[in-house]
Amino acid sequence: MTAGTTEPEEYASDPAERKREQRGWYFYDFACSVYSTSVLTVFLGPYLTSVARAAADAEGYVHPLGIPVRAGSLFAYAVSASIVVAVLLMPLVGAIADRTGRKKPLLAAAAYVGATATAGMFFLAGDRYLLGTFLLIVANASISVSMVLYNAYLPQIAEPDERDAVSSRGWAFGYTSGALVLVLNLILYSGHDSFGLTEGEAVRICLASAGVWWGAFTVVPLRRLRDRQVGPEGREGAGGGTVGSGWRQLRATLKDMRRHPLTLSFLLAYLVYNDGVQTVISQASVFGSEELGLDQTTLITAVLLVQVLAVAGALGMGRLARSYGAKRTILGSLAVWTLILVAGYLLPPDAPVFFFCLAAAIGLVLGGSQALSRSLFSHLVPRGKEAEYFSAYEMSDRGLSWLGPLVFGLAYQLTGSYRDAIISLVIFFVVGFVLLARVPVRRAVEAAGNPIPDRI
């Protein structure tokens, strides 16, 4: 739910209408997940880095706005900048959506701005690194804003006991589309000669097609979802002061969290280790291509492996959580993440088999660590505060993951080594592990006024 909503919106009472909206809702994940997999995870990092290298001076630096930046750090810095832009926009958009009840036009605007920017990456050729940086910032900020609006529909299209299943199906739709388009990308990229394309042209088509896919399938949720009327208190002041009200509402939620310090402690731990997770995902292709010398075909195959195993990993970690509790299972996954980074640091170059093993390990912990984090947080939320607390959770999930890419970029900027950059991310998992280990989750659940599960 977006920031500032204190009560969930009423869901559709007619089961057939709810099912129709739910099916439409799934398709936004189906639409936009292709950007996350094909663009952000696979193609754009290595390609933008190569474009920046083509524009670099003799010492390997480009100079955006007159600032010397190593060409190899540009992508990480751009990802970090895009998240800062999203942080500034999300409270504003959330306040407008909550006050007017018109989420759909805002979702359409965010989706089509992002899709257009992604399609525009077709023109990212030669030494146009500034164009690539701009388009990345616009597209990445847009998808973050759109996901806040997308998630805000869940309480009004599903009854409380339906939401876990509906949310999971949307997640599955996203992984399905990501895998499907990656297979098509793999066919185009690996056979680019037979299609009469250069390697660069094939990459640019893969990038642009993700934007076309995003825009085309966004039509489905826009046709099926509907906005609800808000009460007079929601409409009052909907125009003026919205920027300030968005931030005031977020501050009010965080202030209320001070009354539940154990819940806030978990959110802080999640913020830290999730930053590490998001950075590993966004920077893995750059590390694989630039440091390990792997080609795009290998990288695409590795990401496909992650997509498939993430589903199995989530299910497997869910079973572990039933036996050992969510907290212990998440802590175990953070230990595995740390070992993955150490293994990546030691990985020999030109060794795709070892890289596939690393991708398999990432897939097995990726879906589970994030799914269990969300379910564990749900036990720590005071009754009646679900919407506003999950808005803060969403900000932590998508809006505050800028520090990891910045650390990665700075590490490469200072050392010129992607191995040093990847190992620098260990700090996020170690600190996150320590912070989570210190949270007494049973006491936190009790303090939130919720029943304590047998295993947590």
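Within every chain, residues take consecutive numbers counted from 1 along the sequence as written. Since the coordinates come from a predicted model, pLDDT governs what is reported: local features require at least 70, and pairs of side-chain atoms require 80 or more to be given and counted, while whole-chain, interface and lining totals use all residues. Note that the side-chain values use all heavy atoms of the structure and ignore hydrogens as well as water.

## Side note on the overall build of the chain
Formally: The helix count covers DSSP runs of H or I at least four residues long, the strand count covers runs of E at least two residues long, and both are numbered beginning at the N terminus. When accessible area is computed with a 1.4 Å probe and restricted to protein chains, residues below 20% of their type maximum are described as buried, those above 50% as exposed, and intermediate ones as partly exposed. Here a residue-residue contact requires only that any non-hydrogen atoms of the pair lie within 4.5 Å. For the area figures, the Shrake-Rupley method with a 1.4 Å probe applies, and any residue is considered shielded solely by the protein chains shown.
If you tally the helices and strands in the chain, you get 18 helices and two strands. Taking all 456 residues of the chain together, the buried fraction comes to 55%. When contacts within the chain are restricted to residue pairs at least 6 apart in sequence, long-range pairs at least 24 apart make up 84% of them. With an accessible surface of roughly 18700 Å², the chain has 63% of that area assigned to carbon and sulfur atoms.

## Let's talk about the confidence of the model for the chain
Short version of the rule: Per-residue confidence from the predictor is reported as pLDDT, a score between 0 and 100.
The predicted model of the chain averages 84 in pLDDT, with 87% of residues at 70 or higher. Note that residues 1-9 has pLDDT below 50 and, in this model, 29 contacts with residues that lie over four places away or in other chains. Residue range residues 232-241 is modelled with pLDDT below 50. Its contacts to residues more than four positions away, or to other chains, number eleven contacts.

## Remarks on the packing of helix α1 (residues 15-55) against helix α11 (residues 296-324)
To characterise two packed helices, one gives the angle between the axes of the helices and the distance between these axes. The test is simple: Structural elements are reduced to axes, namely lines fitted to C-alpha atoms, with helices fitted over the stretch in contact, and the angle between N-to-C directions of any two is expressed from 0 to 180 degrees. An angle below 35 degrees is treated as roughly parallel, one above 145 as roughly antiparallel, one from 65 to 115 as roughly perpendicular, and anything else as oblique. Left-handed describes a crossing whose near helix is turned anticlockwise from the far helix by less than a right angle; the clockwise case is right-handed.
Contact geometry of α1 with α11 gives a least axis separation of 11 Å together with a crossing angle of 155°. Taken together, the axes of α1 and α11 lie roughly antiparallel to each other. The crossing of α1 and α11 is right-handed. Seen from α1, the contacting residues are T37, T41, V42, F43 and P46; seen from α11, they are Q296, L299, I300, V303 and Q307.

## Considering the side chain of Q283
Tracing the backbone through its elements, the reader meets Q283 in helix α10 (residues 261-291). Ignoring anything within four residues of it in the chain, the contact list for Q283 reads F75, A76, V79, P405 and F408.

## Some words on empty space enclosed by the protein
Formally: The method works on a 1 Å grid over the protein atoms by themselves. A cavity is a set of points holding a 1.4 Å probe that cannot get out, a pocket is an open set with protein on both sides within 12 Å along at least five of seven lines, and residues with an atom within 4 Å of a point line them. Grid points are joined across faces, edges and corners, and a volume is the space filled by probe spheres set on the points. For this scheme, ten residues count as nonpolar: Ala, Val, Leu, Ile, Met, Phe, Trp, Tyr, Cys and Pro. Four count as charged, namely Asp, Glu, Lys and Arg, and the remainder, Gly too, count as polar.
Under the defined criterion, the tally for this structure stands at two cavities of 30 Å³ or more. By volume, the second largest cavity amounts to about 30 Å³. Along the walls of the second largest cavity sit H260, P261, L262, T263, A444, A447 and A448, which together make up its complete lining. Looking at the lining of the second largest cavity, the elements with two or more residues in it are α10 and α18 (441-447). In terms of residue count, the dominant contributor to the lining of the second largest cavity is α10 (three residues). For the lining of the second largest cavity, a count of residues per class yields five nonpolar, two polar and no charged.

## Overview of the pattern of salt bridges
What counts, and what does not: We count a salt bridge whenever a side-chain nitrogen from Lys or Arg sits within 4 Å of a carboxyl oxygen from Asp or Glu.
One pass over the structure, following the stated rule, counts three salt bridges. We note a salt bridge from R53 to E290, for which the minimum N-O separation is 2.9 Å. Here R53, found in helix α1, pairs with E290, found in helix α10; they are 237 residues apart in sequence, far enough to count as distant. A salt bridge links R419 to E291; the nearest nitrogen and oxygen atoms lie 3.3 Å apart. Separated by 128 residues along the polypeptide, R419 in helix α16 (residues 418-423) and E291 in helix α10 bring together distant segments of the chain.

## Concerning helix α4 (residues 129-152)
Using the following cut-off: Any helix carries an expected span of 1.5 Å times its number of residues minus one.
Its 24 residues give α4 an end-to-end C-alpha distance of 35 Å, which sits within 8% of 34 Å, the value for a rise of 1.5 Å per residue. Taking burial as the measure, the 24 residues of α4 include 18 buried ones, the bulk of the element.

## A short note on the environment of G404
Within the secondary structure, G404 is located in helix α15 (residues 403-415). As a C-alpha pair, G404 and G276 span 128 residues in sequence and 5.9 Å in three-dimensional space. Residues in contact with G404, not counting those within four places in the same chain, are D275, T279, L425 and F428.

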